[in-house]
Amino acid sequence: MDPGYPVEDIAPIAILMDELRSEDVQLRLNAIHSVPTIALALGPDRARDELIPFLQDSVDDEDEVLLALAEELGRNFEEYIGGKEHAHILLGPLENLSAVEETLVRDKAAESISKIAAVLSQSQIEEYYIPLVKRLSQGEWFTSRTSSAALYAAVYDKVSPAIQDDLRKGFFALGSDDTPMVRRAAAKALGPLLGKFAQQHLLSDGLPIYRRLQSDDQDSVRLLTIEDLIAIAKRITPAEVKEHLLKQIKQSVGDKSWRVRYMAATHFNELAEAVGKDIVREELVGLFVNLLKDNEAEVRTAAASQIPGFSSQLEKEVILARIIPCVRELSQDSSQHVRAALGKEISGVTPLLGKEATIEHLLPLFLHLLKDDFPEVRLNIISKLETVNGVIGIELLSDSLLPAIMELAEDKSWRVRQAIIEYIPLLANQLGKPMFDEQLGNLCMSWLGDTVYSIRESATVNLKKLTDVFGVEWAKTAIVPKIMGMGSHTNYLFRMTTVQAIATIAPSLNLDIIRSEIIGPILELSKDPIPNIRFNVAKALEVIGVTLAKTPEGLSFVQEWVVPALERQKTDSDADVRYYATRALQKALAPAS
């Protein structure tokens, strides 16, 4: 270091050097995160001349320190070293990081190099970036060759045709590499690169690379080629797909490794959209049925999740003839995960089939899955009933599904009970007031006494939503008397539920109901022997105060009834009650002040 620099100028880089030599990993990590600040203190010239060379030599460290360094250099670091025209200097340390053993560090370094590529000029790319890619691609260790695969796509469309030719040859070499990890990286990076290829090179150069990787002896390479297949299919005509890709599509979907078939099943809708409707009808329906009948549960689960999307590309007759029989089989599947996936997705087919076919073919399956032994299956069906509702109408739904819903409302799994509660306001909206009161009114109140707190909490939110649906007059006769009746229960949990229910539904009620039905019992509860109830009363009074104080009439009610009760609670023996009473007073009187 030049001895001519003043001590305060030397300090930042000296401190960094000291901290990076510390035995404490956390200190070294903090030092790396402070590199932008140090670069700022040094100024662009010294950052280029001293800091970057120092960082380039700092690759012998813990993986988490190197990961942090790779990340920092990709965060617009060129701004600290004099701008875009000097950004290529950052490639040096990142090239070193791209060759380390730890995958996470290499991936982050490759990501940062790609970000820097976005700000480089064409001359910088050709002078600095392309040689870096070539060095990494031809590196002796597989680690650098693996990292290089991700770097091609970032600059392919920014260089001259001659260099593009070299890049295509270089990438083909990676796809034929002896090391499976390199071929895996090539398969992963091929899709984005194919998106940059000119049309004539897609079939002449892209296709051979894809075919080489798709026929690899390692299933971990083959499974990554599914997305490459989709990338090619999106850019060529259906006739070209038929000629060049149909054999590979069949091979991938019928691969001997279940992991490849699973990947094909997961991306089946994207594949179907890419190849065009004719090939879907002629070829893919049969392949999809094979996936739905696969001998591995994971593959059937993935295929089941694609049913609505794939069916949307088929005629109704084909769905009924080919897909629905498979759906019937899956509803009886031995794997609970397959049935759960089916339960989540099957309702998406109902709009495609229409009312009559849904009633005939799918309604029995819904009823069957609603009685499944596995809670998640029942849960998934319940959460999607709204779609079914829209197709078959509420009358039929209430006749067929209401008994099942009533049964599930008392399900042993509390999550199923909670899902039913969340579905109730929607059902109420469609059933109408008289039918709801007759069928579900008592059920909604019974949840307030559930043994699980989450259910009691959901039940109070449900009552507020029902009040919004049916109006305050309905709430006054149907809900409020029952809630207030629980306030004198000997079990404190029931009294607590009353208080929490009031706090939840108060914003939906009017002054008359609060004055005539609620304020008397809640003031009695403010003297309850249990502190938890008393401070929850303070919270409820806060809600009532804030809600009503918006009008002059409401404000005078708050000052007459709510404020004195809270003033009394401010002197309570329990600290929590005093705290919530003080807070409630401040909020309730805020509009007045």
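Everything quoted here is computed from the prediction, not taken from an experiment.

A.B. asks: Just to check I follow, could you spell out the overall build of the protein chain for this structure?
C.D. replies: Scanning the protein chain for helices and strands turns up 39 helices and zero strands. Taking 2.2 N^0.38 as the reference for a compact globule, 593 residues should give roughly 25 Å; the C-alpha atoms of the protein chain span a radius of gyration of 34 Å, well beyond that estimate. Here the protein chain holds 593 residues, and 52% of them are scored as buried. Residue pairs at least 24 apart in sequence account for 68% of intrachain contacts in the protein chain once pairs closer than 6 positions are excluded. With the model as given, the accessible surface of the protein chain reaches about 26,300 Å², and the carbon-plus-sulfur share is 51%.

A.B. asks: Hey, could you run me through the confidence of the model for the protein chain in this one?
C.D. replies: The predicted coordinates ought not to be read in detail in places where the model reports low pLDDT. Averaged over every residue, the pLDDT of the protein chain is 83; residues scoring 70 or more account for 94%. Across residues 1-9 the pLDDT falls below 50, and counting only partners more than four positions away or on other chains, this stretch makes ten contacts in the model.

A.B. asks: Sorry, what's going on with the packing of aromatic side chains here?
C.D. replies: How two aromatic rings sit relative to each other is given by the distance of their centres and the angle of their planes. Scanning the model with the defined rule gives eleven aromatic pairs in all. Ring centres of F470 and W474 lie 4.9 Å apart, and the angle between their planes is 65°; this geometry places the pair in the edge-to-face category. Aromatic ring contacts, followed pair by pair, group F268, F288 and F310 into a single cluster. The aromatic ring of Y580 is capped on one face by K539, whose charged end is 4.8 Å from the ring centroid.

A.B. asks: Would you take a moment to explain the nonpolar core for this structure?
C.D. replies: Side chains of a nonpolar character, in soluble globular proteins, are inclined to be buried together. Of all hydrophobic cores here, the largest spans 199 residues; its most connected members are Y129, F171, I307, F310, W447 and I483. Ignoring any residue separated from it by four or fewer positions in sequence, one finds I483 in contact with M445, L448, L463, T498, A501, I502 and I505.

A.B. asks: Just checking my understanding: could you explain the packing of helix α12 (residues 180-194) against helix α15 (residues 225-235) for this structure?
C.D. replies: In helix packing, the relevant descriptors are the interaxial angle and the interaxial distance, both defined with respect to the helix axes. The interhelical angle for the contact between α12 and α15, taken along N-to-C directions, is 15°, at an axis separation of 8 Å. What the angle tells us is that α12 and α15 run roughly parallel. The crossing of α12 and α15 is left-handed. Contacts between α12 and α15 pair A187, L190, G191 and L194 from the former with T225, D228, A231, I232 and R235 from the latter. Grouping the constituent residues of the contact of α12 with α15 by class yields five nonpolar, two polar and two charged.

A.B. asks: Could you clarify how one ought to interpret a negative patch on the surface in this entry?
C.D. replies: Together, E62, D63, E64 and E101 make up a region of like negative charge exposed at the surface. A relative accessible area of 39% places D63 in the partly exposed class.

A.B. asks: I would appreciate a short explanation of the pattern of salt bridges in the present structure.
C.D. replies: A side chain with one charge may pair with a side chain of the opposite charge, provided their charged atoms come close. One pass over the structure, following the stated rule, counts 32 salt bridges. When the shortest N-O distance is used, the salt bridge between E71 and R75 registers 3.0 Å. The exposure class of E71 is partly exposed, given its relative accessible area of 27%. Relative accessible area serves as the criterion here: at 45%, R75 is assigned to the partly exposed category. One salt bridge in this structure joins D166 and K134, with 3.7 Å as the shortest N-O distance. Here D166 is found in helix α11 (residues 161-175), whereas its partner K134 is found in helix α8 (residues 122-137), with 32 residues between them in sequence.

A.B. asks: Explain the packing of helix α35 (residues 492-505) against helix α37 (residues 531-548) to me, please; I cannot follow it from the model alone.
C.D. replies: At a closest axis distance of 8 Å, the pairing of α35 and α37 adopts a crossing angle of 15°. Considering the angle they form, α35 stands roughly parallel to α37. Of the two elements, α35 crosses α37, and the hand of that crossing is left-handed. Between α35 and α37, the contacting residues are Y492, R495, M496, V499, Q500, I502 and A503 on the first element and N532, I533, N536, V537, A540, V543 and I544 on the second.

A.B. asks: Got a minute to help me understand the environment of F494 in this structure?
C.D. replies: By the secondary structure assignment, F494 is in helix α35. If we skip the residues at most four places from it in the chain, F494 touches G449, M486 and H489.

A.B. asks: Sorry if this is basic, but what is going on with helix α7 (residues 103-117) here?
C.D. replies: Three- or four-residue spacings in an α-helix give side chains the same orientation, since the helix completes a turn every 3.6 residues. The first and last C-alpha atoms of α7 sit 21 Å apart over 15 residues, in line with the 21 Å expected at 1.5 Å per residue. Residues of α7 that are buried include every one of V105, R106, A109, A110, S112, I113, I116 and A117, and no others. Buried residues along α7 cover an arc of 165° about the axis, so they all sit on one side.

A.B. asks: Mind showing me how you'd approach the side chain of Q418 here?
C.D. replies: Relative to the helices and strands, Q418 is located in helix α29 (residues 414-431). Residue contacts for Q418: discarding those within four places in its chain leaves S454, I455 and S458.

A.B. asks: Whenever I open this one, the environment of A264 confuses me. Can you help?
C.D. replies: Among the structural elements, A264 can be located in helix α18 (residues 258-266). Between the C-alpha atoms of A264 and A302, which are 38 residues apart in sequence, the distance is 8.9 Å. Among residues more than four places away in sequence, those in contact with A264 are I226, S252 and V253.

A.B. asks: What exactly am I supposed to notice about the side chain of E72 here?
C.D. replies: For E72, the location among the structural elements is in helix α5 (residues 63-73). A relative accessible area of 6% places E72 in the buried class.

A.B. asks: Just to check I follow, could you spell out the environment of A87 for this structure?
C.D. replies: Relative to the helices and strands, A87 resides in the loop between α5 and α6 (91-97). When its relative accessible area of 0% is taken as the criterion, A87 is described as buried. The contacts of A87, once residues within four sequence positions are left out, are E78, I81, I116, V119, L120 and Q124.

So, how was this worked out
- Residues numbered from 1 in each chain as written.
- Predicted model: local features only at pLDDT ≥ 70, side-chain atom pairs only at ≥ 80, totals over all residues.
- Heavy atoms only, no water.
- Helix = DSSP H or I, 4+ residues; strand = E, 2+ residues; numbered from the N terminus.
- Rg over C-alpha atoms; globule rule 2.2 N^0.38 Å.
- Buried < 20%, exposed > 50% of the residue type's maximum accessible area, 1.4 Å probe, protein only.
- Contact = heavy atoms within 4.5 Å.
- Areas by Shrake-Rupley, 256 points an atom, 1.4 Å probe, with all protein chains shown as cover.
- pLDDT = per-residue confidence, 0-100.
- Phe/Tyr/Trp six-rings, centres within 6.5 Å; stacked < 30°, edge-to-face > 60°.
- Lys NZ or Arg CZ within 6 Å of the ring centre and 35° of its normal.
- Core = buried A, V, L, I, M, F, W, Y, C linked by side-chain atoms within 4.5 Å.
- Axes fitted to C-alpha atoms, helices over the stretch in contact; angles between N-to-C directions.
- Parallel < 35°, antiparallel > 145°, perpendicular 65-115°, else oblique.
- Left-handed = near helix turned anticlockwise from the far one by under 90°.
- Nonpolar A, V, L, I, M, F, W, Y, C, P; charged D, E, K, R; others polar.
- Patch = residues over 30% accessible without salt bridge, like charges linked within 9 Å, V, L, I, M, F, W, Y side chains within 5 Å.
- Salt bridge = Lys/Arg side-chain N within 4 Å of Asp/Glu carboxyl O.
- Lys, Arg positive; Asp, Glu negative; His and termini not counted.
- Charge placed at Lys NZ, Arg CZ, Asp CG, Glu CD.
- Expected span 1.5 Å × (residues − 1).
- Arc of directions from axis to C-beta.

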